[in-house]
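Inside the fold
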Amino acid sequence: MSIFHTLKRKLRSCRRQQDGVLPPTAKTASSTLPLFRVLQQFGIAASGGEGRRVVRGGGVKVDGKVEMDENRLMTGSETITWRRREFVVPANVLELMEP
């Protein structure tokens with residue numbers, strides 16, 4: 001990709017923000033994380049890819065129901081069950097990302 005295309009994308013992004021239309025990443029970055037990333041932070045999966053495979057394989061329940069969508073946004077206070085162990089997602093999901 002040339003520098004022209006990169007600058008063009010950035011300009012489009014700035015215009016969207018000025019018009020009040022935010023890109024999806026800005027909307028989801030506030031207080032949610034995708035399920036596969038939460039699994040990685042809890043240590044259930046060593047990487048994001050492994051987290052996706054665990055969910056696709058039907059090995060994860062969220063609030064008692066099998067979850068097949070690895071991109072489900074976790075907002076907090078959900079209970080994740082994996083191999084008979086339960087993990088409660090904190091109300092502020094971004095706490096998981098802090099070292």
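A brief look at the structure comes next. (Residues numbered from 1 in each chain as written. Predicted model: local features only at pLDDT ≥ 70, side-chain atom pairs only at ≥ 80, totals over all residues. Heavy atoms only, no water.)

**A word on the overall build of the protein**
Convention followed: Where helices and strands are cited, they refer to DSSP runs of H or I of at least four residues and of E of at least two residues respectively, numbered from the N terminus. Whether a residue is buried, partly exposed or exposed follows from its accessible area with a 1.4 Å probe, protein chains only, as a fraction of its type maximum: under 20%, in between, or over 50%, in that order. Here the Shrake-Rupley method, with its probe set to 1.4 Å, supplies the accessible areas, and only the displayed protein chains count as covering residues.
The helix and strand tally for the protein stands at 4 helices and 6 strands. Walking the protein from its N terminus toward its C terminus, one meets helices and strands in the order α-α-β-α-α-β-β-β-β-β. Across the 99 residues in the protein, those meeting the buried criterion constitute 27%. Approximately 6,900 Å² of the protein is accessible, and the part contributed by carbon and sulfur atoms is 52%.

**With respect to the side chain of Thr-32**
The test is simple: The contact criterion used throughout is that any non-hydrogen atoms of two residues lie within 4.5 Å.
By secondary structure assignment, the location of Thr-32 is in the loop between helix H2 (24–28) and strand S1 (33–34). The residues contacting Thr-32, other than those within four sequence positions of it, are Leu-73, Met-74, Thr-75, Val-93 and Leu-94.

**Remarks on the pairing of strand S5 (residues 79–82)**
Applied cut-off: Two strands form a pair only when DSSP identifies at least two bridges running between them.
One ladder, built from 2 bridges, connects strand S2 (residues 61–62) with S5; its direction is antiparallel. Looking at the pairing, Val-62 lines up with Ile-80 of S5. Pairing geometry for S5 and strand S6 (residues 85–88), over 4 bridges, is antiparallel. The residue of S6 that forms the bridge with Trp-82 is Arg-85. Between S5 and S6, which pair antiparallel in sequence order, lie 2 residues; one of them, Arg-83, sits at a positive phi of approximately 50°.

**Considerations on unusual backbone geometry**
Phi at Asp-63 takes a positive value of approximately 55°, unusual for a residue other than glycine. At Arg-84, a residue that is not glycine, the phi angle is positive and equals roughly 65°. The topology assignment puts Arg-84 in the loop between S5 and S6. A relative accessible area of 84% means that Arg-84 is categorised as exposed.

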